[in-house]
Number of protein chains: 2
Amino acid sequence: MPPSSTFPLIGILGGGQLARMLALAGIPLGLRFRVLDPAPAVPAADVADHIQGDYTDPDALARFAEGLSVITYEFENVPARCLTHLGSILPASVPIYPPPAALSIGQDRLLEKQLFRSLDIPVANFADITSLDDLHHHTHPSRIGLPSILKTRTLGYDGKGQAVLRPEHASSLASIYHALNPSGTTPLILEEFIPFQAEASILALRTIHGEIRTYPLIRNVHSSGILRRSCAPFSSFSSDLPFNPADLQQQAVTAATRLLNHFRYVGLLTVEFFIKDGILIANEIAPRVHNSGHWTIEGSISSQFENHIRAVAGLPLGDTAMITPDTCAHLANLVGDLPDIADPAGFLTIPGCHLHLYGKSPRSARKIGHATMLGAPTDPRAVKMHEIASSLWKV
Amino acid sequence: MPPSSTFPLIGILGGGQLARMLALAGIPLGLRFRVLDPAPAVPAADVADHIQGDYTDPDALARFAEGLSVITYEFENVPARCLTHLGSILPASVPIYPPPAALSIGQDRLLEKQLFRSLDIPVANFADITSLDDLHHHTHPSRIGLPSILKTRTLGYDGKGQAVLRPEHASSLASIYHALNPSGTTPLILEEFIPFQAEASILALRTIHGEIRTYPLIRNVHSSGILRRSCAPFSSFSSDLPFNPADLQQQAVTAATRLLNHFRYVGLLTVEFFIKDGILIANEIAPRVHNSGHWTIEGSISSQFENHIRAVAGLPLGDTAMITPDTCAHLANLVGDLPDIADPAGFLTIPGCHLHLYGKSPRSARKIGHATMLGAPTDPRAVKMHEIASSLWKV
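The rules we used
Residues numbered from 1 in each chain as written. Chains lettered and ligands numbered in written order. Predicted model: local features only at pLDDT ≥ 70, side-chain atom pairs only at ≥ 80, totals over all residues. Heavy atoms only, no water. Contact = heavy atoms within 4.5 Å. Salt bridge = Lys/Arg side-chain N within 4 Å of Asp/Glu carboxyl O. Polar contact = N/O pair within 3.5 Å; in protein donor to acceptor, adjacent residues only side chain to side chain. Helix = DSSP H or I, 4+ residues; strand = E, 2+ residues; numbered from the N terminus. Nonpolar A, V, L, I, M, F, W, Y, C, P; charged D, E, K, R; others polar. Pairing = 2+ DSSP bridges. Axes fitted to C-alpha atoms, helices over the stretch in contact; angles between N-to-C directions. Parallel < 35°, antiparallel > 145°, perpendicular 65-115°, else oblique. Left-handed = near helix turned anticlockwise from the far one by under 90°. Least-squares fit on C-alpha atoms with pLDDT ≥ 70 in both. Buried < 20%, exposed > 50% of the residue type's maximum accessible area, 1.4 Å probe, protein only.

Participant: Looking at this structure, I do not really get the interface of chain A and chain B. What am I missing?
Facilitator: One frequent convention defines the size of an interface as the accessible area lost when the parts assemble. Each partner contributes to the interface: chain A provides 45 residues, whereas chain B provides 45 residues. Summed over the shared surface of chain A and chain B, the result is zero salt bridges. Between the two partners, chain A and chain B, sit seven residue pairs in polar contact (both at pLDDT 80 or more). Listing elements by their share of the side of chain A that touches chain B, those giving two or more residues are α1 (17–26), α10 (304–312) and β16 (354–357) of chain A. Sorting elements by how many residues they give to the side of chain A that touches chain B places β16(A) first, with four residues. Looking at side-chain class alone, the side of chain A that touches chain B contains 26 nonpolar, 11 polar and eight charged residues.

Participant: Can you help me understand the sheet that holds strand β8 (residues 188–192) of chain B in this one?
Facilitator: By definition, the strands of a sheet pair up through backbone hydrogen bonds, in either a parallel or an antiparallel sense. All names here are of chain B. With antiparallel pairing, four strands are arranged side by side in an open sheet as β5-β8-β6-β7. Of all strands in the sheet, those with a lone pairing partner are β5 (126–129) and β7 (162–165), marking the two edges. Averaged over all neighbouring strand pairs, the angle between strand axes comes to 20°, with direction disregarded. Pairing between strand β6 (residues 148–152) and β7: four bridges, direction antiparallel.

Participant: Even after reading the chapter, I still don't get the packing of helix α2 (residues 58–65) of chain A against helix α3 (residues 80–89) of chain A, so can you show me in this structure?
Facilitator: Each packed pair of helices is defined by two parameters, the angle between the axes and the distance between the axes. Residue and element names in this part refer to chain A. Running from N to C, α2 and α3 point in directions that differ by 55°, and their axes come no closer than 10 Å. Considering their axes alone, α2 and α3 lie oblique with respect to each other. When the axes of α2 and α3 are compared, the crossing they make is right-handed. Contacts between α2 and α3 pair Pro 58, Leu 61, Ala 62, Phe 64 and Ala 65 from the former with Cys 82, His 85, Leu 86 and Ile 89 from the latter. Within the contact of α2 with α3, the residues separate by chemical class into eight nonpolar, one polar and no charged.

Participant: I would appreciate a short explanation of the relation of the copies chain A and chain B in the present structure.
Facilitator: For these two chain copies, the linking operation is a rotation about an axis paired with a shift along it. Note on the identical chains: chain A maps onto chain B by a rotation of 180° and an axial translation of 0.0 Å, with an RMSD of 0.0 Å. Accordingly, the operation relating the two chain copies is best matched by a two-fold axis. Minimal C-alpha distance to the rotation axis in chain A is attained by Val47(A), lying at 2.3 Å. Interface overlap between copies is the fraction of interface residues in one copy that are interface residues in the other; for chain A against chain B it reaches 100%, indicating a shared surface.

Participant: In this structure, what is going on with the pairing of strand β11 (residues 218–223) of chain A? I would like to understand it.
Facilitator: In regular strands, side chains alternate between the two faces of the sheet. All names here are of chain A. Both strand β9 (residues 198–206) and β11 contribute to a ladder of three bridges, which runs antiparallel. Looking at β11, one finds that Glu 199 is bridged to Asn 220. Remark: two residues form the turn of the hairpin made by β11 and strand β12 (residues 226–232), two consecutive strands paired antiparallel; Ser 224 in that turn has positive phi of roughly 50°.

Participant: Hey, could you run me through the sheet that holds strand β7 (residues 162–165) of chain A in this one?
Facilitator: All names here are of chain A. Here four strands make up an open sheet; going across it, the order is β5-β8-β6-β7 and the pairing antiparallel. Of all strands in the sheet, those with a lone pairing partner are β5 (126–129) and β7, marking the two edges. When strand polarity is set aside, the average angle formed by the axes of neighbouring strands in this sheet is 20°. As judged from the five bridges shared by strand β6 (residues 148–152) and strand β8 (residues 188–192), these two strands associate in the antiparallel manner. Considered in β8, the bridge of Lys 151 is made with Ile 189.

Participant: Explain the pairing of β8(A) to me, please; I cannot follow it from the model alone.
Facilitator: All names here are of chain A. Counting buried residues in β8 gives four out of five residues, a clear majority hidden from the surface. For β5 and β8, the ladder comprises four bridges, and the chain directions are antiparallel. Paired with Asp 128 across the two strands is Ile 189, which belongs to β8.

Here's what the structure looks like:
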């Protein structure tokens, strides 16, 4: 507890690495943090008061809500019941940002894609799948066809809860369907397979006054459904693509702006895209800070974490520009294991390499940290950083 | 408590803003922090386990020392008894860095100046004052004379424990002497008054392997004995001075290197200088991170806080260069009061301005935060930042 309790207390639902980095960015602004998370030990506990409890436990929610100035969240699968209960016990002066409507859309791939379509944001063809018959119907070549992707509408992340349906699966759709929907009650969505040339994301902010700012478009590489590396700005990492980077940036800003204004959003929103033939095709939104933006800690004048906190706390936004006009940022995720906690794998011996560990015990397919490097796209130090990160990758 | 207790735990003596910023820099490296401080509420408590207890209380020291990997400190007035006791209870594998010898020298202005002289580091003329007779003797025009400065040898900071003796004080030396030494037992030092043209400091690091790195020389402005603003690199803020900045940098590096090697130092050492006629005259050392280096958080590839932690934790040092070769950094201290905790005085409305609050209740002459701006020496945004900071200054 700091000397003065006059400093605002920010509540975060979820105590993982995103909450940890939000608090690390907000504490220098004089803010204090409390997280609610059912796990007994969480990454944010180093920098925040941790209330251990279930998101729907009224007693835990009451202890969490006591004295907060604002509530935000670090993951999109917050149960609706949690927010309803919080709304019923919070004073009217304590907002929940970003707006829960963005959360409920972000939790459901079908609603999300319907929203993209309604806002004229390019989106892959999709269909609601409520039965095996639906699946057979929509995988017919005259409709979405094969290849396509069958996903659970809710609770998917990092490649979990989805299956690619290839033409050779035409006769085995039933088994894939039942594997994703063993109870017969899991809502599914079928999505057109986009043979994309690149993946991208944009981080965008909106304040309570309606001011909107965006970060430069980010180029992403996933592997086994998990983000492996990100580079920014996209324009500096697109020499292999025959597209106009300024046009891509404009498409991303347009999509993000429509979404932010639709929700009367407050805070940071992430939109992920596939790029095909020069068109950004919206894949999903995350109503929160995002892994693909972790390089903003070193690469941007104000990071995604600081700006999300500024937005939800009602403070003016910081500058979203790169720290210099020609800055390029490389991000590598550390997934799985580390040989040595003290100087993991030698990242710190690379000049200019920034290491971020989340205080998590290593295990397969677990994001335990990331490394950042500022430097030209072909900077040998960045190549070295990515090499080390790849050698550790365990999925 | 983080999920895994395998992450090293760093102990810091003192829980003020320097400990707070050390922990904020070290937590992303996967390190955890514990501070010992007698105050009930301290700035570092937001980011570290706080043991409340006196620095000489064996019980508090035992609780503090339990499970630590290394001990460091954030202020130079740690009682010798504290370190002696810690030395007696710590396992041999747990070091105290920087070495306590640097602490005891840094606590005593006489020993400090004697060390400068022995290392051939330019220093103002000085004399040990153990009696009023000594004072009359050394203020004689044939010796140090007047003007000069009478200081307590120990426990002075931010302009406290010192008095400027001007020629008109020749007949009232006794009253000034007794005001600084009411008990008759306070050891004093008389120092030559240096009519300096500028003030400067350097931050320098040494690892356990003897590697040394330095940050660019910093230009400082004090007011009422308290650091008011700092700018770096000195070379970009010296157009009013007829000195060769590269030569000044070299003098500072030479002085710091001699001191680091003398102590077989581990961690960050600050040396403060007066500049007179192109010569750096050493004024004092601080065996710790330093207020004049707070701009390194935004202005340097690795900050003074991260690098001190890397050094004492036995990790490789980070790059001490500015984030780009032409980066200039401005630092303004917030001393006294703030009109509004939420967006104090509008700092956050200045594009690119970074605000750091320490979680302290405002009061006169108290450092409650700082603001940083990267930009050219005459950047109007920096001018605005300094104007706001000056308007708040209450000493």
